[in-house]
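Per-entry structural report
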Amino acid sequence: MADLTAQLIEQVRAAADSGRKLNILGGGTKAFMGRQVEAEQETVNLAEHAGIVSYQPVELVLTARAGTTLAELKAALDEQNQMLAFEPPCFSEASTLGGTLATNQSGPGRPWWGSVRDHVLGVRLINGKAEHLRFGGQVMKNVAGYDVSRLQAGAFGGLGLMSEISLKVLPKPAMQRTLVIECGQTEALKLMNQRAAEPKPITAATWYQGKLFMRLAGAGSAVDAAAKAWGGQELEDAETFWLSLANQQHPFFETQSPIWRFSINSKTPEFNISGDHLIDWGGAQRWYAGDYDWDQMVSIAKHAGGQISLYRGGNRTAEVLHPQAEPIQKLQQRLKASFDPSGIFNPGRAYSWL
Amino acid sequence: MQISTARTAEQFARRQSLAERFAEFIDPHYVISDEETLKPYECDGLSAYCEEALIVVLPETVEQAQRVLQICHAEGVPVVARGAGTGLCAGAMPHSEGVVLSMAKFNKILEIDTQCRAARVQPGVRNLAISEAAAPMGLYYGPDPSSQIACSIGGNVAENSGGVHCLKYGLTVHNLLSVQFLTMEGELLTIGSEGLDSCGMDLMALFTGSEGLLGVVTEVRVKLLPRPERAQVVVAGFDSVTKAGDAVGEIIAQGIIPGGLEMMDGFAIQAAEDFAKAGYPLDAQALLLCEVDGTNEEVDEHIAAVEALFHRLGATSVRTSQSEEERARLWAGRKSAFPAVGRISPDYYCMDGTIPRGQLSHVLLEMQKMSEHYGLRVANVFHAGDGNLHPLILFDANIPGELERTEEFGGKILELCVEVGGCITGEHGVGYEKLRQMPAQFSDAEIVQFHALKRAFDRKELLNPGKGIPTLRSCQEYRSLDMNITPNATVESQQDSKGATHG
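Because the structure is a prediction, the values reported are computed rather than measured.

Notes on the overall build of chain B
Within chain B one finds 18 helices and 19 strands. Overall, chain B is about 70 × 60 × 40 Å in size when its C-alpha atoms are taken along their principal axes. When contacts within chain B are restricted to residue pairs at least 6 apart in sequence, those whose partners lie at least 24 apart make up 72%.

In structure tokens form, the structure reads like this:
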């Protein structure tokens, strides 16, 4: 729990001078994500670079060092009856804010409450020239300069070392209720998209093994009225269910098989893929467990207007994120070079060519 | 102010030859090179800054726009993309030796996908037109800048436009799914997808709000939202700005996120009431408009809570809209605040800083002192929910030196915003206008990083050059001299006399 900025800058400078590659590590709970990288990389440990720098509940803004654990943030927010509305997965107590943004991780409420990048207001970043830079800010609206803060979402640390992140936080809803409807996948997809088009306080819609779970959250009277209108069985201990889904401790994630993630058009009909699967984000995120062919999965994702990633397990020395069109690939390489001219930050972690 | 001086024979010849080349594949009516027809394109919504373009083209297909860019890239000709021209930072002001690429002909809504609540539109489609087209399905497009009747979605993407409903529904960046754009080299790229996110670094976020410096938008896929069952607005008067500011904090502390939360100071209330007859309390020093939307039950619950809170915190008057007609009338005052102020002063200059809400009283007080120092009146309109302040400085451009004093005053306000932890622009963009204040918010290293980032998209730096990011040299001059130099301009043009301004 300290400010290690000066030390981090020195480590980056030394690496840039010697050409050593750096593996940025927070709590180490997302090591299974991205590509497997060369062992000779030097580790930059961010777990100790932690602590909430400022938190003003009335401003709905929180700033913390990148190594701050989600658990610590949650404890501070709980005291003020506020939350990180993007419901980041806490794989363990060690999961950090920096890792969450770098891997763009958001939970079941994402289509309605927004993603981690949606809540980012600013970052401080050490670039490949060991310069400590500030982008964005601590206010809700800021359009000065390019949005380098949100660019970090999904960059797997390849653009620099984030030292500090400012976020928008939100009040917790006054009431939450979860309805369960027993139905097949096709029916569930139809209902998810229908319900999402109604002006009701829906905040999550998930289907797994014949059951559709829809969460309502907001003002008590509004939640009750919507629950009555929609019908379905009330889920007991709903909070545990949604937390297990957000933290990927739901039974689906217990599989030993490789896990695949589709991010696609929510109305896409049921896939003709066998194996255990879970639909989240009202149809826009679909998880599959099994040994599938990479090219085939890419093709299915494209047809569904979206992308695939090999989320966990499988061959991690090959590509694990959806292929990028060649001009976009080149653009990303040039962008990385603009931040990290010697290519020292997490090389090859997101893509072999980045 | 006109930025550059008279044209040389060489420039006229260049204009002629480029116009002929463009007319080979674009309807010659849409290749504009005569001074009279070029006139309307000299500025955007901020008419204080004007420049005549070498040529204006209005392509009708992506292929035509692509060829324009390829030719300009090969010839080293700057290109400024233009939407509806409603921007407020001179971001679409032409380059004197460059081409203005107007996307006005790209005005078709290509698809409204009701099932997954999205619309695919061309960049010249007006913001409001999307909501109108989606209305029969009970859907609408969230961001609603005040110019929504005229501004185009391509321009919204370029500026990351906001509006009065940002706190709850987000900015443009939160409401986009994918963007198709042309690079300066004429390459057609798509970022984002039909899903909610994409693999790898978030190019969508980077591109949104990049002020036409990274690419030219050719197609946008936006999210649509279900229209709330009901909306009601509570209007409350307070005898001090501090009390009104506290009330804003209290609403948030109660866990209510209003659809819109606006504040006006005494001067703005007076002007708006004279203009719109909205029924605002004229004795109030500050006015809050708090709109709650959602389901019928939610609105009932939250309206009661907001009314009680306003009474408890000493509001001098509290009034809640009882009909759609009344709601529209109560909003009319706020929405016409700019023209209302325009009526009581020959000219006004609109600023766009953002501050942490808690700093409001301090900032208003400091601004009052500056107002006295410069001898210029200022009215305040504030997106209180998200801390975005729009001070309107009243002045008369016909009085020698008053525009210069106004610009200096405005610059000081923006620097004050940065000082208290805010930023120089919340939603209008930097463009040409706020280059001068960029060094107050960014260090030289950050400015250098921005330029490097731009070159990753546009290696010859031909897209909207001289906007958005100041040159390093002008930043250093700003720091050493603290004077009103004009960044990114030559020494000669800084001495040009300043002409008309908007009002």
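Description of the overall build of chain A
A count of helical and extended segments in chain A gives 11 helices and 17 strands. Against the compact-globule benchmark of 20 Å for 354 residues, chain A has a radius of gyration of 21 Å, which places it among compact chains. Seen along its three principal axes, the alpha-carbon backbone of chain A occupies a region of about 65 × 50 × 35 Å. Sorting the 354 residues of chain A into buried and exposed places 55% on the buried side. For chain A, restricting intrachain contacts to residue pairs at least 6 apart in sequence, the fraction spanning at least 24 positions comes to 68%.

Quick notes on helix H7 (residues 185-196) of chain A
The end-to-end C-alpha distance of H7(A), which contains 12 residues, comes to 16 Å, matching closely the 16 Å that a straight helix rising 1.5 Å per residue would cover. On its buried face, H7(A) is in contact with strand S11 (202-208), strand S12 (211-218) and strand S15 (277-280) of chain A.

Quick word on the interface of chain A and chain B
With 73 residues of chain A in contact, the opposing surface of chain B contributes 77 residues. The greatest single-element share of the side of chain A that touches chain B, amounting to seven residues, is contributed by helix H11 (residues 326-339) of chain A.

Here's the deal with the environment of B:Gly155
Topologically, B:Gly155 is positioned in helix H5 (residues 153-159). In this structure the C-alpha to C-alpha distance between B:Gly155 and B:Val125, which are 30 residues apart in sequence, comes to 9.7 Å.

Quick look at the packing of helix H13 (residues 360-374) of chain B against helix H14 (residues 402-419) of chain B
All names here are of chain B. Running from N to C, H13 and H14 cross one another at 160 degrees; their axes reach a closest spacing of 11 Å. Between H13 and H14, the angle falls in the class roughly antiparallel. For H13 against H14, the interelement crossing comes out right-handed. Contact with H13, carried on its side by Val363, Glu366, Met367, Met370 and Tyr374, involves Arg405, Phe409, Lys412, Ile413 and Leu416 of H14 and no other residues of that element. Partitioning the contact of H13 with H14 into residue classes produces seven nonpolar, no polar and three charged.

Here's the deal with the domain arrangement of chain B
The parts lose accessible area when they come together, and the size of an interface is often stated as this lost area. All names here are of chain B. Taken domain by domain, chain B consists of domain 1 (9-102), domain 2 (109-226) and domain 3 (230-339). Inter-centroid distance (C-alpha atoms) of domain 1 to domain 2 is 24 Å. With 15 residues of domain 1 at the contact, the number on the domain 2 side is 19 residues. Those elements that place two or more of their residues in the side of domain 1 that touches domain 2 are helix H3 (62-75) and strand S3 (79-82). Ranked by residues supplied to the side of domain 1 that touches domain 2, first place goes to H3 with six residues.

Concerning the domain arrangement of chain A
Residue and element names in this part refer to chain A. When the domains of chain A are assigned, the result is domain 1 (5-171) and domain 2 (175-312). The centre of domain 1, based on its C-alpha atoms, is set 27 Å off from the matching centre of domain 2. Across the boundary between the two partners, domain 1 contributes 12 residues, which contact 14 residues of domain 2. A class-by-class count of the residues in the side of domain 1 that touches domain 2 yields eight nonpolar, two polar and two charged.

As for the pairing of strand S7 (residues 132-136) of chain A
Residue and element names in this part refer to chain A. Counted residue by residue, S7 has five buried out of five residues, so it is predominantly covered. Note that strand S6 (residues 120-126) and S7 share five bridges and pair antiparallel. Within the sheet, the bridge partner assigned to Ile126 lies in S7 and is His132. The antiparallel hairpin formed by S6 and S7 contains five residues in its connecting segment, where Ala130 sits at a positive phi of about 60 degrees.

Digging into the packing of H11(A) against helix H16 (residues 444-457) of chain B
H16(B) packs onto H11(A) with a crossing angle of 165 degrees between their chain directions and a minimal axis gap of 8 Å. Relative to H16(B), the element H11(A) is oriented roughly antiparallel. When the axes of H11(A) and H16(B) are compared, the crossing they make is right-handed. In contact with A:Leu331, A:Arg334, A:Leu335 and A:Ser338 of H11(A), H16(B) contributes B:Ala452, B:Leu453, B:Arg455, B:Ala456 and B:Phe457. Residue composition of the contact of H11(A) with H16(B), grouped by class: six nonpolar, one polar and two charged.

Some thoughts on the confidence of the model for chain B
For any part of a model where pLDDT is low, the fine detail of the predicted coordinates should not be relied upon. All names here are of chain B. Scored by pLDDT, chain B has a mean of 93; 95% of the residues are at 70 or more. Confidence drops under pLDDT 50 across residues 489-503; counting only partners more than four residues distant or on other chains, this segment forms 27 contacts. Both scores are available for the predicted complex, with the pTM at 0.96 and the ipTM at 0.98.

Structural notes on the sheet that holds strand S1 (residues 31-32) of chain B
Either a parallel or an antiparallel arrangement is found when strands of a sheet pair, and the pairing is made through backbone hydrogen bonds. Residue and element names in this part refer to chain B. Reading across from one edge, S1-S2-S4-S3 is the order of the four strands in this open sheet, with mixed pairing throughout. Unpaired on one side and paired on the other, S1 and S3 mark the two borders of the sheet. As paired strands, S3 and strand S4 (residues 99-102) are joined by four bridges and run parallel to one another. Within S4, the position partnered with Val79 by the bridge is Val99. Contacts between helix H1 (residues 9-23) and the sheet are confined to S1 and strand S2 (55-57), with S2 contributing the most and set at about 10 degrees to the helix. Seen against the sheet, H3 touches S2, S3 and S4 and runs at an angle of roughly 165 degrees to S4.

A few points about H1(B)
Residues and elements named next belong to chain B. With 15 residues, H1 extends 21 Å from end C-alpha to end C-alpha; this agrees with the ideal 21 Å at 1.5 Å per step. For H1, the set of buried residues is Leu18, Ala19 and Phe22. In a view along the axis of H1, the buried residues occupy a sector of 105 degrees, so they form one face of it. Among the exposed residues of H1, those oriented more than 90 degrees off its buried face are Ala9, Glu10, Ala13, Gln16, Ser17 and Glu20. Buried positions along H1 lie against S1, S2 and H3.

What about the nonpolar core?
Core analysis: the biggest nonpolar cluster contains 234 residues, and B:Ile55, B:Val79, B:Val99, B:Leu101 and B:Val222 have the highest contact counts within it. Apart from residues no more than four positions distant in its own chain, B:Val222 is found in contact with B:Ala118, B:Ala119, B:Val121, B:Ile130, B:Tyr141, B:Ile153, B:Asn175, B:Leu176 and B:Leu177. Within the second largest apolar cluster, 23 residues are counted, among which are A:Leu212, A:Met214, A:Val223 and A:Ala246.

Re the environment of B:Asp352
Residues and elements named next belong to chain B. Note on placement: Asp352 falls in the loop between strand S16 (347-350) and strand S17 (353-354). Note on Asp352: 29 C-beta atoms within 10 Å, which makes it buried. Remark: the alpha-carbon pair of Asp352 and Arg479, spanning 127 residues in sequence, is separated by 22 Å. Aside from chain neighbours lying at most four places away, what touches Asp352 is His390, Thr425, Gly426, Glu427 and His428.

Examining the sheet that holds strand S10 (residues 216-223) of chain B
Residues and elements named next belong to chain B. The five strands lie next to each other as S5-S6-S10-S8-S9, forming an open sheet whose pairing is antiparallel. Here the strands that pair on one side only, and so sit at the sheet edges, are strand S5 (109-113) and strand S9 (188-192). On average, each strand axis in the sheet is tilted by 15 degrees relative to the strand beside it, whichever way the strands run. Inspection of the sheet shows strand S6 (residues 118-121) paired to S10 by four bridges, in the antiparallel sense. By the bridge assignment for S10, Arg120 is matched with Arg221.

A word on unusual backbone geometry
Phi angles above zero are rare outside glycine, and A:Gln209 is one such case at about 45 degrees. Tracing the sequence through the fold places A:Gln209 in the loop between S11 and S12. A residue is classified by how many C-beta atoms lie within 10 Å of it, and A:Gln209, with 10 of them, is exposed. The phi angle at B:Glu461 is positive, at roughly 55 degrees, despite the residue not being glycine. Looking at where B:Glu461 falls in the secondary structure, it is placed in the loop between H16 and helix H17 (472-481).

Observations regarding the environment of B:Pro143
Residues and elements named next belong to chain B. Structurally, Pro143 can be placed in the loop between strand S7 (139-140) and H5. Taking C-alpha positions, Pro143 is 6.1 Å from Thr172, a pair spaced 29 residues apart along the chain. Those residues within four positions of Pro143 in sequence are excluded, and the remaining contacts are Asn156, Ser161, Gly162, Gly163, Leu171, Thr172 and Asn175.

The rules behind these values
- Residues numbered from 1 in each chain as written.
- Chains lettered and ligands numbered in written order.
- Predicted model: local features only at pLDDT ≥ 70, side-chain atom pairs only at ≥ 80, totals over all residues.
- Helix = DSSP H or I, 4+ residues; strand = E, 2+ residues; numbered from the N terminus.
- Contact = placed C-beta atoms within 7 Å.
- Rg over C-alpha atoms; globule rule 2.2 N^0.38 Å.
- Buried ≥ 20, exposed ≤ 12 C-beta atoms within 10 Å, placed from the backbone.
- Expected span 1.5 Å × (residues − 1).
- Axes fitted to C-alpha atoms, helices over the stretch in contact; angles between N-to-C directions.
- Parallel < 35°, antiparallel > 145°, perpendicular 65-115°, else oblique.
- Left-handed = near helix turned anticlockwise from the far one by under 90°.
- Nonpolar A, V, L, I, M, F, W, Y, C, P; charged D, E, K, R; others polar.
- Domains from an automatic or database assignment.
- Pairing = 2+ DSSP bridges.
- pLDDT = per-residue confidence, 0-100.
- Arc of directions from axis to C-beta.
- Core = buried A, V, L, I, M, F, W, Y, C linked by C-beta atoms within 7 Å.

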